[in-house]
Each structure stands twice: as structure tokens, then as C-alpha cells.
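Structure at a glance
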Amino acid sequence: MNFVKFSVLSFALLSLCSCERNEIHLAFNTQTVAPQSFVLESTLNASFPGDSNTVPESMRTHVSVRSTMSLLMSYDDGSGRFEMKIDSVDYTSDKRSVDEFRNIEKYLSIQNFQFKLNHDGIITDPTIENALDKPSEDELNLIPLFLKAQPLLPEKPVKLGESWERQMPIFGKGNSTTTVYKTFTLQDVFLQDGVRMAKIHMGMKYLELPDTTSNLQLKSNDYVVGDGMVFFDVTHGVISSAEMNVVAVLDIRDLVAGDTLPSMNVNQKIVLRNVQ
Amino acid sequence: MRSSITFLIALTSSVFASGMPFPVAENGKVLLKESDSPYVLEQGVVVAESDTLVIEPGVTVLMGEFAKLMIRGSIKIAGTNDKPVVFSGADSVANWNGFHVMSNARPFEIKNLTVENAFRNTIFRSRGTLENVNFFNNYYGLWIDESSDITLVRCTFAHNRYALSVRAGRVVSNGSSISENVYGLYLETGGTLDGDTDLIRNNQESDIRSEAADLKLSKKRVRRNVWHNIEARF
């Protein structure tokens, strides 16, 4: 109990001392944080322009996930091991049937996962709790959605207007890993209902590289880019909300059909809200 | 408090009392014996590449709502006419996920099996023979993908929504029947079915459909698996 009090006090003092120098220390609370409930929503729109022989086509999907993040264990190095438990899932797509919706909701609802979170937001070792419930090749995976919305905080205190850059791996199908480059700017610090909040702009870019083990290869000729905003609860060291809008233009090579679909436009909006 | 715990234990016992838990591998073999049947599979299980799934005649596996049987190792399901092997949903209302074969180690051998009430059963990058296998009341009866050497001998597909789908592969049908489903055979890109096609009949919406023909008719170009891959990738 004394350790808990000491951690909370240290955390508060660190924030306060930094503010006195017009700097703010941003850090996740990985030592004493209470369970947090989140709603994650992802809306994906993809469109393919038609030509003289074909009509324009599009897809729209939406997934809404309610989850609870709990601290399992805190480590001496300032990191913590967390569990993200999926409480409910709601899914729709105009390219699938209602029966498929229910099947997807069913397998996503057991995708509880654990991860190690550093105080700067770096997430390592995200693993589905029950390895047997890992998604199959063509099944949806919730972990990358959470990782895309995750802010990475600066290693030292920052002033208003200051920017920082970080990179993180996002784990995809099989053993593939994509390095995502994120840039951040501290735009504002304000009090809201007695809670110190930081408003942070978040940019993101990565290259979509083809999966050479698949006979359907998606490739972006330029960076997939993302732009969004994070509201970080500095007082409690948790995300209040995060939003990321992702834009990509993909060439899709179907080795079986011997066909390449050029310039598939993809837009994704990811919203993460703390609903504690 | 003690009565609550007792009630919880009793409730848990009653849920799992209807069968033996699906076994784990021992000495490279996952063996399901008739004497221990029925088995119950509540969630996902993976038969590893190094293991062999062996199922004796007369075995029934009752699948829970979240059950997914993923087989990466060798397969020997040896039901008989008198004693078929049965994979069925434990709950007659809710679908179970399905069985998924991803086994390129050696050809699989599946004989006299009935698969009921699954959402989707798949064979991916594998080869082998299904003999006298009955796919009944599944959403996707059997989905074969990237498998160039699959033989269906006297198999039956009935009361499925989509009975048989083939993509990027070749299936040979020998006396197999696809009847009384909503959709019969669906051929996606690079999928072919050779052999007996005269037993594909009396399906509600269509007996044989081709994705390429559907796309051409509607002046579209993007195949279903392309949309699904974009979604899985993002």
C-alpha cells in the first residue's frame, strides 16, 4: 500500500515539477493504474475506380469493440504487463452476410490479449492469451487496430508546440512486422474537471509491403499516412481518447488471377475512447 | 458463500459432463478413441505439424460455440459405414467455427465423417481424399483454397448455405452429391471441379456458379477475397 501511495505521489510530483518549468512530463501510469474501459471503433472504406469496361466498386466495414484494460503486473523498470479483455464486439460489412457478421463477432470476442506497456507507450510482446484462439490467415485481428491508435510519448519533458518522433512495430499476419513511424506535437495542456489533459497531434506513416507467402499481394507505392489527435489524461497517465485517419493507395496483385488492380483507395478511421 | 461455490462447481460440472475433453498430443499422436466418445471441444485446438490426428470409428466430437479445430499435422479419420465419425455442434442452435485443414506434410485420409452445424470448414494448401464425408447444415460446407489435389469420393453436401467453394485449386469429384443446399458449387478464381458434375442438382438458388461469370455480368473486377484481404490487412 505504501508503494502504491509512493508511486501515485511520485507521478503527481513529476508532472507538477515539470509544469513549473513550462514543460510537461507525459507518461503512462504502468504501476498503479485502475482498470480502464475503452471503446474502439474502426471504419474502413475501400474503393476501386472503374474503367471503360467496369463499374466503380467499394467496400465499407465497421467494427466496434468494448474492452477492459487491466494491469496484471508492474515491473521495476517502469513498465507493466496488461491484459486487454474483449467485452463485446459489433461488426458490419457490405461485403459479407449477417451470418458472417455473427461469426466474426464470435471469434473477435475471445481475442483477449496481453502486452507489456512502457511508461512512454511502447507496446511489446502483444500476444493473444489463448494461442489457440489466434486468428487464421483471413480472419480479422484486433491488436493492430489498438496499436495504430496508441500514442508514443516523449522520453523527456516537452513544452507546448514541441514535437517528437518515435517508431513502433505492428505485427501482422504470420511473422510479418511493419515498422510504423509516428510523429507527435504537444498542442495544448488544459484542465478539464480537475484533470490535466494534453492535446497531442499524432501523425503516422508506413509502407505496405507485399506478403511474399501469399498469392494476393498488397503494396503501397507511397507511404500509407495517418493523421489524428490524442487527448492524454496527464493526471492519471491514461489515454482519454485517440483518433487516427489512415489513407492508403494500394496496388493489388492477384497471382492466381494473373491480374493487378491498380490504385485501390483505402480510408480508415480509428477512434479509441476511454469510457471509464 | 460456500453454497455459491458449490453451485458454481455443480454448474461447471454439468456443462462439461456431457463428454471427454478433447485430448492433447501424446508421443506425436492426438488419439480419439471410440471407448471415450463423445468428446467435447469447447474452444480452439491446434493439431501441430509434428502430430497426427487419429480418430477411431464411432467417435463423436461435440463442438462448443467457439470451437475451432485447426489441423496442421497429418490426419487419419477412419470412420466406417456402420460407425461414422461425427463432428457436430453441442448446441443445435449456435454454429461452431469449423474444422480447418492446413496440412501439407502428407496427404490426409478422411473416411466416413459427418460434419454438421459448422460455420465454415476449410482445406488450405493441403492434399488428400475425403471419402463418404457428409457435410450437413453448415453455413459453408467446405471451402477449398490453394489446394491442387483434392479428391471427393461419394461425399454428400446437403442443407448447407454454400455447399462447396473452390478457389485456386483442382478438385476431382467421384460420385459426390451436392443437392438441397441454397447454393451448390461456387468456383472462385483459379478453381476447377472435374469428374462427376451430374450429381450437382436441385439446389435452391443455383447448382454451379462462377465468380468470374458473376463479375463479368455485373461489370465488376474486384474479387471477394481481395476485399477480405484488404480488411484483414488493416
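Residues numbered from 1 in each chain as written. Chains lettered and ligands numbered in written order. Predicted model: local features only at pLDDT ≥ 70, side-chain atom pairs only at ≥ 80, totals over all residues.

**Looking at the pairing of strand β18 (residues 169-174) of chain B**
Residues and elements named next belong to chain B. Burial along β18 is one-sided: the face carrying Gly169, Val171 and Ser173 is buried and the face carrying Arg170, Val172 and Asn174 is not. Of the pairings in the sheet, the one linking β18 to strand β21 (residues 191-195) comprises five bridges and is parallel in character. If you follow Ser173 over to β21, its bridge partner there is Gly195. (Buried ≥ 20, exposed ≤ 12 C-beta atoms within 10 Å, placed from the backbone. Helix = DSSP H or I, 4+ residues; strand = E, 2+ residues; numbered from the N terminus. Pairing = 2+ DSSP bridges.)

**A few points about the confidence of the model for chain B**
Residues and elements named next belong to chain B. On average, residues of chain B score 90 in pLDDT, and 93% of them reach the 70 mark or higher. Mean pLDDT across the elements of chain B ranges from a minimum in helix α1 (residues 2-16), with 40, to a maximum in strand β16 (residues 156-158), with 98. Note on residues 1-17: pLDDT is under 50 here. Beyond four places in sequence and across chains, it has one contact. Across the interfaces of the predicted complex, the ipTM metric reaches 0.87, alongside a pTM of 0.86. (pLDDT = per-residue confidence, 0-100. Contact = placed C-beta atoms within 7 Å.)

**Quick look at helix α2 (residues 98-108) of chain A**
Residue and element names in this part refer to chain A. Listed in full, the buried residues belonging to α2 are Asn103, Ile104 and Leu108. Buried residues along α2 cover an arc of 130 degrees about the axis, so they all sit on one side. Each element contacted by the buried residues of α2 is listed here: β3 (80-93). (Arc of directions from axis to C-beta.)

**Side note on the interface of chain B and chain A**
Residue-level contacts link 31 residues of chain B with 32 residues of chain A. Sorting the residues of the side of chain B that touches chain A by element identifies β4 (44-47) and α3 (224-233) of chain B as the ones contributing at least two each. In terms of residue count, the dominant contributor to the side of chain B that touches chain A is α3 of chain B (10 residues). Here the residues of the side of chain B that touches chain A sort into 12 nonpolar, 10 polar and nine charged. (Nonpolar A, V, L, I, M, F, W, Y, C, P; charged D, E, K, R; others polar.)

**Side note on α3 of chain B**
Burial within α3 of chain B is extensive, with eight of its 10 residues counted as buried. Every buried residue of α3 of chain B is accounted for by Asn225, Val226, Trp227, His228, Asn229, Ile230, Glu231 and Arg233 of chain B.

**A short note on the pairing of strand β9 (residues 85-89) of chain B**
Residues and elements named next belong to chain B. On β9, burial follows the alternation: Val85, Phe87 and Gly89 on one face are buried, whereas Val86 and Ser88 on the facing-out side are not. Bridge count for strand β6 (residues 60-63) against β9 is four bridges, and the pairing is parallel. Of the residues in β9, the one forming a bridge with Thr60 is Val86. Of the pairings in the sheet, the one linking β9 to strand β11 (residues 108-116) comprises three bridges and is parallel in character. In the strand pairing of β11, Val85 is matched with Leu113.

**Focus on the sheet that holds strand β17 (residues 162-167) of chain B**
All names here are of chain B. Reading across the sheet, the eight strands line up as β4-β7-β10-β12-β14-β17-β20-β23 and stay open at both edges, with parallel pairing between neighbours. Each edge of the open sheet carries a strand with a single partner, namely β4 and β23 (206-210). Each adjacent strand pair in this sheet contributes to an overall mean axis angle of 10 degrees, direction not counted. One ladder, built from four bridges, connects β17 with strand β20 (residues 183-187); its direction is parallel. Within the sheet, the bridge partner assigned to Tyr162 lies in β20 and is Tyr183. (Axes fitted to C-alpha atoms, helices over the stretch in contact; angles between N-to-C directions.)

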